[in-house]
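Coordinates in review
So the chains spell out like this:
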Amino acid sequence: MRVRAAHAIAAVVTALLATGCGSSPAEEVEDWYSGGGEKQLRQMAEDAGRVNEVSTRTLDVIGTACQDLAKHAPAAETLEPIPDELAQENRAQALTALREGAAERTAGAAAKDESAAGRGVRTIQLDSSTASTSCPR
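This is a predicted model, so every value here is computed, not measured. Within any chain, residue numbers begin from 1 and follow the written order of that chain's sequence. Residues qualify for local features only when their pLDDT is at least 70, as the model is predicted, and side-chain atom pairs are given and counted only at 80 or more; totals for whole chains, interfaces and linings, by contrast, use all residues. In computing side-chain properties, one takes all heavy atoms of the structure into account and sets aside hydrogens as well as water.

1. With respect to a negative patch on the surface
Like charges are joined within 9 Å and nonpolar side chains (Val, Leu, Ile, Met, Phe, Trp, Tyr) within 5 Å, but only among residues with over 30% relative accessible area and no salt bridge; these make up the patches. Reported accessibility uses the Shrake-Rupley method at a 1.4 Å probe radius. Residues are deemed covered only where the shown protein chains occlude them. Put simply, a salt bridge is a Lys or Arg side-chain nitrogen that is within 4 Å of an Asp or Glu carboxyl oxygen. When charges are counted, Lys and Arg are positive and Asp and Glu negative, with His and the chain ends excluded. In this description, the location of a charge corresponds to atom NZ of lysine, CZ of arginine, CG of aspartate or CD of glutamate. Judged by side-chain charge, Glu 27, Glu 28, Glu 30 and Asp 31 come together as a negatively charged surface patch. Within the secondary structure layout, Glu 28 lies in helix H2 (residues 26–53). Only protein chains enter the calculation, and the probe is 1.4 Å; a residue is then buried if its accessible area is under 20% of its type maximum, exposed if over 50%, and partly exposed in between. Its relative accessible area of 38% is what places Glu 28 among the partly exposed residues. Comment: elements are numbered from the N terminus, with helices defined as DSSP H or I runs of at least four residues and strands as E runs of at least two.

Shown next, in the form of structure tokens:
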């Protein structure tokens, strides 16, 4: 299963830039994206993709990938909110799921608990994909 989370986060901003929908002007969203949003979205996508890539490997390899995701999540969470309420709400939910999934996966790997590690990756793959790419009409 491919990680949909990373793509969903990036798709939120991409859809907003392409369509200009939302509660704020498209220029504000574009400014957010070019002012650090793109960098953080790409980092989260890369980290989540790496977790997915190694999800069937040994727990120590999985743990390292999740530690990287957990290490980068705070920078993404401290970035200014997206100037579109729905996109920001979806982004916040996705970031929370990525952070929580990485923490659970890292703890599971450290404890050699494959069940906990599996729950963590499911959180990363499924719960963080709640970010919607559709705009309200």
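2. Some remarks on the packing of H2 against helix H3 (residues 59–78)
Lines are fitted to the C-alpha atoms to define the axes, a helix being fitted only along its stretch in contact, and any angle between axes, read from their N-to-C directions, falls within 0 to 180 degrees. As a packed pair, H2 and H3 sit with axes 9 Å apart at the nearest point and diverge in direction by 165°. Looking at the two axes, H2 sits roughly antiparallel to H3. The handedness of the crossing between H2 and H3 comes out as left-handed. Listed contacts from H3 to Gln 40, Gln 43, Met 44, Asp 47, Ala 48, Arg 50 and Val 51 of H2 are Val 61, Ala 65, Cys 66, Asp 68, Leu 69, His 72, Ala 73, Ala 75 and Ala 76. In terms of residue class, the contact of H2 with H3 is made up of 10 nonpolar, 3 polar and 3 charged. To sort the angles, those under 35 degrees are grouped as roughly parallel, those over 145 as roughly antiparallel, those from 65 to 115 as roughly perpendicular, and the leftovers as oblique. By convention the crossing between two helices is left-handed if the near helix lies anticlockwise of the far one by an angle smaller than a right angle, and right-handed if it lies clockwise. Every residue pair with non-hydrogen atoms within 4.5 Å of one another is taken to be in contact. In this classification, Asp, Glu, Lys and Arg are treated as charged, Ala, Val, Leu, Ile, Met, Phe, Trp, Tyr, Cys and Pro as nonpolar, and every other residue, Gly included, as polar.

3. Points about the environment of Ile 124
Along the polypeptide, Ile 124 turns up in helix H5 (residues 114–125). C-alpha of Ile 124 to C-alpha of Ala 94: the two residues are 30 residues apart in sequence and 8.5 Å apart in space.

4. A few points about the confidence of the model for the protein
Overall, the prediction assigns the protein a mean pLDDT of 78, with 76% of residues at 70 or greater. Looking over the protein, one finds the lowest element-wise mean pLDDT in helix H1 (residues 5–19), namely 51, and the highest in H2, namely 90. Note on scores: pLDDT gives the predictor's confidence for each residue, bounded by 0 and 100. In this model, residues 131–137 is a region of pLDDT below 50 whose contacts with residues beyond four sequence positions or in other chains number 17 contacts.

5. Looking at unusual backbone geometry
The phi dihedral of Lys 112 falls on the positive side, at around 60°, and the residue is not glycine. Tracing the backbone through its elements, the reader meets Lys 112 in the loop between helix H4 (85–110) and H5.

6. Considerations on the side chain of Thr 123
As for its placement among the helices and strands, Thr 123 is situated in helix H5. Those residues within four positions of Thr 123 in sequence are excluded, and the remaining contacts are Ala 97, Gly 101, Glu 104 and Ser 128.

7. A short note on the nonpolar core
Formed by 18 residues in total, the largest nonpolar core has its most connected members in Met 44, Val 51, Cys 66, Leu 69, Leu 98 and Ile 124. Taken together, the elements giving at least two residues each to this core come down to H2, H3, H4 and H5. Broken down by element, this core gets its largest block of residues, 7 residues, from H3. Tyr 33, Leu 41, Ile 82 and Ala 87 belong to the second largest nonpolar core, which has 6 residues in total. The set of buried Ala, Val, Leu, Ile, Met, Phe, Trp, Tyr and Cys residues whose side-chain atoms join them within 4.5 Å is what this entry labels a nonpolar core.

8. Describing the pattern of salt bridges
A complete count under the given rule lists 5 salt bridges for this structure. The shortest N-O distance in the salt bridge between Arg 119 and Glu 104 comes to 3.0 Å. Residue Arg 119 is located in helix H5, and its partner Glu 104 is located in helix H4; the two are separated by 15 residues in the primary sequence. For Glu 104, a relative accessible area of 25% gives the class partly exposed.

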